Amino acid sequence: MNGLEIATIIIAGICLWLGYRQGLFRTLLLTIAMALAIGLSSYACPYVSNALQKYTAIDDKIEAYIIGQWSLDITKQDTTKTEQMQIIDELPFPERIKTAIISNNDNDANGIYGGLQVGNFQEYLAKYLTCMMMNALSFLVIQVVITVGLVVLLCVTKVLTEIPILHGIDKAGGICLGAAVALIVIWTGFLFISILGNTQAGIWAFSKINESPVLDLLFSHNLLLDVATNISRMIF
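Described in the following lines is the structure provided in the data block. (Residues numbered from 1 in each chain as written. Predicted model: local features only at pLDDT ≥ 70, side-chain atom pairs only at ≥ 80, totals over all residues. Heavy atoms only, no water.)

Topic: the overall build of the protein
Then, number 1: Scanning the protein from terminus to terminus reveals 11 helices and 0 strands.
Then, number 2: Ordered by position from the N terminus, the helices and strands of the protein form the series α-α-α-α-α-α-α-α-α-α-α.
Then, number 3: For the protein, the proportion of its 236 residues judged to be buried stands at 44%.
Then, number 4: Expressed as a percentage of contacts within the protein between residues at least 6 apart in sequence, the contacts between residues at least 24 apart total 81%.
Then, number 5: Total accessible area on the protein stands at roughly 11,900 Å², and carbon and sulfur atoms take up 68% of it. (Helix = DSSP H or I, 4+ residues; strand = E, 2+ residues; numbered from the N terminus. Buried < 20%, exposed > 50% of the residue type's maximum accessible area, 1.4 Å probe, protein only. Contact = heavy atoms within 4.5 Å. Areas by Shrake-Rupley, 256 points an atom, 1.4 Å probe, with all protein chains shown as cover.)

Now the structure itself:
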């Protein structure tokens, strides 16, 4: 069991304990608030990501770092499929991200390459990873802002937990919903790790995910990651 697995178990345990402590009704509202935040964040993410790329230099700095980190030659035009697969295999990312990179590698002027305004594979790889990290960053910022606003509503449900008949149901249900909250928190944490993908911290985290069947399973089924890897919503 590696350090990231232990941290994930601790986070899940805290969420279950908080679910028991807050009870069914308050945890239900928290779960609904987080689900609404995810939905609204998914909708707004492409717009925020585009705005950040248009009005800030964050994406340029990320792209420059990626090019330097992986020694990419964005002017090389004759990369073969074998060379492309070798470059992708050498990336420290989990298979979920590598699969997304491969599936979007269409080399079509009317497709992803055209949308990203790139002319070769290594330029595409730099742009794709940049867009993925910008999407993840935008999603997390929006989700935090919306969640904070919605969680304020938790105070309204406190009166319901004082009813004796509902007290036992409230505690048991809280634990169950606490598990759902834990999953959302863990998925969000993985999304944050995606932003750090090319840093030493990100490389370390991805290596721990790759060597752990449990973490790899959670990462591979992370629905929030679709927001980051689906760059077509942002460029079309």
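Examining the packing of aromatic side chains
Then, number 1: Counting across every chain of the model gives 7 aromatic pairs.
Then, number 2: Each ring, one from Tyr 113 and one from Tyr 124, has its centre 5.1 Å from the other, and the planes form 20°; the classification is stacked. Here Tyr 113, found in helix H5 (residues 112-116), pairs with Tyr 124, found in helix H6 (residues 121-151); they are 11 residues apart in sequence, far enough to count as distant.
Then, number 3: Its relative accessible area of 3% is what places Tyr 113 among the buried residues.
Then, number 4: Ring centres 5.5 Å apart and planes at 55° place the aromatic pair Phe 190 and Phe 219 in the tilted group. (Phe/Tyr/Trp six-rings, centres within 6.5 Å; stacked < 30°, edge-to-face > 60°.)

Considering the pattern of salt bridges
Then, number 1: A complete count under the given rule lists 3 salt bridges for this structure.
Then, number 2: Note that Lys 127 is salt-bridged to Glu 63, the shortest N-O span being 3.5 Å. Of this pair, Lys 127 sits in helix H6 while Glu 63 sits in helix H2 (residues 58-69), placing them 64 residues apart in sequence.
Then, number 3: Here Lys 127 falls in the partly exposed class, since its relative accessible area comes to 25%.
Then, number 4: Given the relative accessible area of 12%, Glu 63 is considered buried. (Salt bridge = Lys/Arg side-chain N within 4 Å of Asp/Glu carboxyl O.)

Here we look at the packing of helix H8 (residues 200-211) against helix H9 (residues 213-220)
Then, number 1: Where H8 meets H9, the axes come as close as 5 Å, and the angle between the chain directions of the two elements is 105°. Compared by their axis directions, H8 and H9 come out roughly perpendicular. Every residue of H9 that contacts H8 at Phe 206, Lys 208, Ile 209 and Glu 211 is listed here: Pro 213, Leu 215, Asp 216 and Phe 219.
Then, number 2: In the contact of H8 with H9, the residues fall into 5 nonpolar, no polar and 3 charged. (Axes fitted to C-alpha atoms, helices over the stretch in contact; angles between N-to-C directions. Parallel < 35°, antiparallel > 145°, perpendicular 65-115°, else oblique. Nonpolar A, V, L, I, M, F, W, Y, C, P; charged D, E, K, R; others polar.)

Describing helix H1 (residues 3-55)
Then, number 1: Counted at 1.5 Å a residue, the expected span for H1 with its 53 residues is 78 Å, but the 38 Å between its end C-alpha atoms falls short.
Then, number 2: Along H1, the helix axis deviates most sharply at Gly 23, where the bend reaches about 120°. (Expected span 1.5 Å × (residues − 1). Bend = angle between axes of the 7 residues up to and from the residue.)

Some remarks on the environment of Ser 220
Then, number 1: With respect to the element layout, Ser 220 can be found in helix H9.
Then, number 2: Along the sequence, Ser 220 and Glu 95 sit 125 residues apart, while their C-alpha atoms lie 7.7 Å from each other.

Re the side chain of Gln 143
Then, number 1: If you trace the backbone, Gln 143 turns up in helix H6.
Then, number 2: What makes Gln 143 buried here is its relative accessible area of 4%.
Then, number 3: For Gln 143, the contacting residues outside a window of four places in its chain are Ala 37, Ile 38, Ser 41, Ile 184 and Thr 188.

Describing the environment of Ala 228
Then, number 1: With respect to the helices, strands and loops of the structure, Ala 228 is situated in helix H10 (residues 225-229).
Then, number 2: Residue Ala 228 is classed as buried on the basis of its relative accessible area, which comes to 0%.
Then, number 3: Sequence-wise, Ala 228 and Pro 46 are 182 residues apart; in three dimensions their C-alpha atoms are separated by 9.5 Å.
Then, number 4: Setting aside residues no more than four positions away along its own chain, Ala 228 makes contact with Cys 131, Met 132, Asn 135, Ala 136 and Leu 191.

Focus on the packing of helix H3 (residues 81-90) against helix H4 (residues 95-103)
Then, number 1: Where H3 contacts H4, the two axes come as close as 10 Å, and the packing angle between them is 155°. Here H4 runs roughly antiparallel to H3, going by the angle between their axes. Between H3 and H4 the crossing geometry is right-handed. Facing Met 85, Ile 88 and Asp 89 of H3, the residues of H4 in contact are Lys 98, Ile 101 and Ile 102.
Then, number 2: A breakdown of the residues in the contact of H3 with H4 according to their chemical character gives 4 nonpolar, no polar and 2 charged. (Left-handed = near helix turned anticlockwise from the far one by under 90°.)

Here we look at the nonpolar core
Then, number 1: Ranked by internal contacts, the top residues of the largest apolar core, which has 51 residues, are Ile 97, Ile 101, Tyr 124, Leu 125, Leu 129, Leu 191 and Ile 209.
Then, number 2: With 13 residues, H6 is the single largest residue contributor to this core. (Core = buried A, V, L, I, M, F, W, Y, C linked by side-chain atoms within 4.5 Å.)

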